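Structural characterization, general
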Amino acid sequence: MFYSAFRAVVLVPLLRWLFRPRVEGLGRVPQHGAAIVAGNHQSFTDQFLMGVVLRRRISFLAKQEYFTGRGLKGRLAAAFFRGLGAIPVDRSGRAAGQAAVDEGVRVLGRGELLGIFPEGTRSHDGRMYKGKVGVAEMAIRSGAPVVPCAMIGTFEAQPAGRRLPRLVPVTVRFGAPLDFSRYEGMADNRHVLRAVTDEIMYAILKLSGQEYVDMYAVDARAQLTAHGSGPAPADAAGASQLAPVPDRTPGDRPAAARHAAPGEGRHAA
């Protein structure tokens with residue numbers, strides 16, 4: 001009830017007024033049944049915009065800290081994120097990533113939409129980074145299709161560290177659903193998980209037209225920070241970060257890089 005009222009009265013009018021998002025391929029998102037919407041992560045506003053343009057309610061996995069703040073401010077923040085369909089996930093301990101995957105599978109088991117950004121955190125420079133394999137495990141275990149989604153212009157509107165968004169054109173573009181039912185029963189195979197994740201990331205890459213970097217976003221940002229030439233970590237800058245999902249696969253070269261168009265294939269930092 002809160003979600004519907006908040007979305008209709010506050011979120012939709014505000015974000016549509018601010019960003020005037022152009023939406024492409026909305027009909028590719030299933031209107032019924034479980035599905036994963038997997039997007040590139042450019043800005044704090046990505047999950048809000050995705051929720052605004054979709055006709056169905058969508059849930060996101062979010063770090064538990066968003067729900068545990070103290071005082072009136074903490075309670076309001078928790079109500080805000082719950083109203084947006086965010087699901088708290090404990091990120092502490094070695095089993096935290098698996099807990100996120102399990103929670104995502106439960107959401108899909110109820111026939112709902114699940115939103116996820118496989119990069120795990122926002123891009124600090126507008127490029128696309130290697131995806132973590134949790135999205136693949138969720139897809140294989142649940143049997144749900146994966147709809148690739150490209151957020152275009154949100155980095156320019158609100159990059160990491162910027163509190164107030166710029167009013168720039170934004171496009172939310174959905175691709176054709178990806179079916180991974182052929183991998184049923186293979187969710188424990190690390191090579192399958194890596195291949196499925198790479199296929200998802202390549203589909204998003206084709207939609208977004210971004211430059212691809214064959215490393216994890218958190219590692220790239222850590223390298224820049226260590227050399228004193230990069231931005232502060234996203235959490236320190238107030239960024240949105242989905243609960244991490246496990247990536248048990250060492251660095252195979254992604255399909256996104258293997259099949260990139262000329263000029264896109266060699267972008268490792």
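Residues numbered from 1 in each chain as written. Predicted model: local features only at pLDDT ≥ 70, side-chain atom pairs only at ≥ 80, totals over all residues. Heavy atoms only, no water.

1. Looking at the packing of helix H4 (residues 96-109) against helix H5 (residues 134-142)
- Where H4 meets H5, the closest approach of the two axes is 9 Å, and the angle between their N-to-C directions is 40 degrees. On the basis of the axis angle, H4 is oblique to H5. Judged by the twist between their axes, the crossing of H4 over H5 is right-handed. Each of Gln98, Ala100, Val101, Asp102, Gly104, Val105 and Leu108 in H4 lies in contact with H5, whose residues at this interface are Gly134, Glu137, Met138, Arg141 and Ser142. (Axes fitted to C-alpha atoms, helices over the stretch in contact; angles between N-to-C directions. Helix = DSSP H or I, 4+ residues; strand = E, 2+ residues; numbered from the N terminus. Parallel < 35°, antiparallel > 145°, perpendicular 65-115°, else oblique. Left-handed = near helix turned anticlockwise from the far one by under 90°. Contact = heavy atoms within 4.5 Å.)

2. Focus: the side chain of His41
- Assignment of secondary structure puts His41 in the loop between strand S2 (35-39) and helix H2 (46-53).
- For His41, a relative accessible area of 0% translates into the label buried. (Buried < 20%, exposed > 50% of the residue type's maximum accessible area, 1.4 Å probe, protein only.)

3. Thoughts on the pattern of salt bridges
- What the rule picks out here adds up to 10 salt bridges.
- Arg127 is the partner of Glu211 in a salt bridge, and the nearest nitrogen-oxygen pair spans 3.5 Å. With a gap of 84 residues between them, Glu211 in the loop between helix H7 (190-208) and strand S9 (212-213) and Arg127 in the loop between strand S5 (113-116) and strand S6 (128-129) connect regions that are remote in the sequence.
- The class of Glu211 is partly exposed, set by a relative accessible area of 34%. (Salt bridge = Lys/Arg side-chain N within 4 Å of Asp/Glu carboxyl O.)

4. Focus: the nonpolar core
- Of all hydrophobic cores here, the largest spans 34 residues; its most connected members are Ile36, Met138, Val146, Phe180, Val196 and Ile200.
- At the level of secondary structure, the elements contributing two or more residues to this core comprise S2, strand S4 (86-89), H4, S5, H5 and H7.
- Looking at this core, the element that brings in the most residues is H7, giving 8 residues.
- Beyond its immediate stretch of four places on either side in the chain, Phe180 contacts Ala139, Val146, Val196, Glu199 and Ile200.
- With 26 residues, the next largest nonpolar core counts Phe48, Phe117, Val170 and Val172 among its residues. (Core = buried A, V, L, I, M, F, W, Y, C linked by side-chain atoms within 4.5 Å.)

5. Focus: the pairing of strand S8 (residues 171-174)
- Here strand S1 (residues 22-24) pairs with S8 via 3 bridges, running parallel. Opposite Arg22, over in S8, you have Thr171 as the bridge partner.
- Two strands pair when backbone bridges link them, and strand S7 (residues 146-152) and S8 are joined in this way by 4 bridges, in the antiparallel orientation. Along S8, the bridge assignment pairs Cys149 with Phe174. (Pairing = 2+ DSSP bridges.)

6. Section: the pairing of strand S3 (residues 58-63)
- Counting buried residues along S3, 6 of its 6 residues qualify, which places the element largely inside the surrounding structure.
- Judged by which residues are buried, S3 turns out to be covered on both faces: Ile58, Phe60 and Ala62 on one side and Ser59, Leu61 and Lys63 on the other are all buried.
- Where S3 lies against S5, 3 bridges are found, and the strand directions are parallel. Residue pairing in the sheet places Phe60 in a bridge with Gly115 of S5.
- Note: S3 against S4, 4 bridges, orientation parallel. From the neighbouring strand, Lys63 faces S4, where its bridge partner is Val89.

So far we have only geometry, and geometry alone does not tell us how the molecule works.
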